[in-house]
Amino acid sequence: MPSQRLILLRHAKSAWDDPEQRDHDRPLNARGRAACDAIGDWLAMRGYLPAQVPCSTAARTGETWERVSARLPDSPDATYLPGLYHAEPHAIRAAIAQAVATPLLVIGHNPGFGELAHRVVVTPPAHPKFGQYPTAATLVADLSGEGWAEAINAPGTVVDFTVPRDLIG
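Here is a short report on the structure shown in this document. (Residues numbered from 1 in each chain as written. Predicted model: local features only at pLDDT ≥ 70, side-chain atom pairs only at ≥ 80, totals over all residues. Heavy atoms only, no water.)

## Some words on the pairing of strand β5 (residues 138-144)
- The buried count for β5 comes to 5 of 7 residues, which makes it a mostly enclosed element.
- Relative to β5, strand β1 (residues 3-10) is paired through 7 bridges, and the arrangement is antiparallel. For Gln4, the partnering residue across the bridge sits in β5 and is Leu143.
- Pairing of β5 with strand β6 (residues 156-162) involves 6 bridges; the strand directions are antiparallel. When the bridges of β6 are listed, Val140 appears paired with Asp160. (Buried < 20%, exposed > 50% of the residue type's maximum accessible area, 1.4 Å probe, protein only. Helix = DSSP H or I, 4+ residues; strand = E, 2+ residues; numbered from the N terminus. Pairing = 2+ DSSP bridges.)

This is the structure in structure tokens:
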């Protein structure tokens, strides 16, 4: 049976410098920018190169993709979906079901991304941070199915998982 490769990337660490700033508009902080560079290098080095990228409309998710994609060869433009902003797992699944390409890299927020990561794989990775799904956590999983509408509801297998601390300390 064909498989679809899913990459779930939680946005990198964002700034909280301006208490008046709307949550949706918060940019990345310096640590978040460094994490994006490291995740982008990791994806490129391991050959996890997305063909399609649905992304939340929040400033920090867009900036996460901008920095990650700068480290990848021939990266696609992101498609910004308002429904991914602080989405629940069912809404993330619905967005994934509409995808047409693989590998698919989806960028969004917790708690929805961490919850979905746990639901799409049969056996979670033996990584101490998987349960928390911290900022810039990245899961690579293969799901069986003919297209995304079928695959996102099928049990998946972990290919890889990392967090920025694994890469930059």
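## Describing the side chain of Arg26
- Within the secondary structure, Arg26 is located in the loop between β1 and α1 (30-46).
- For Arg26, the side chain forms a polar contact with the side chain of Ser14, separated by 2.3 Å. (Polar contact = N/O pair within 3.5 Å; in protein donor to acceptor, adjacent residues only side chain to side chain.)

## Some points on the nonpolar core
- Core analysis: the biggest nonpolar cluster contains 26 residues, and Leu6, Leu8, Ile96, Val106, Tyr133, Leu139 and Trp148 have the highest contact counts within it.
- Of all the elements in the fold, those that place two or more residues in this core are β1, α3 (89-97), β4 (104-108), α4 (112-120), β5 and α5 (148-151).
- Broken down by element, the residue count for this core peaks at 4 residues, all from α4.
- Counting 20 residues, the second-largest nonpolar core is a separate cluster that includes Leu9, Trp42, Trp65 and Val140. (Core = buried A, V, L, I, M, F, W, Y, C linked by side-chain atoms within 4.5 Å.)

Keep in mind these numbers describe shape, not what the thing actually does.
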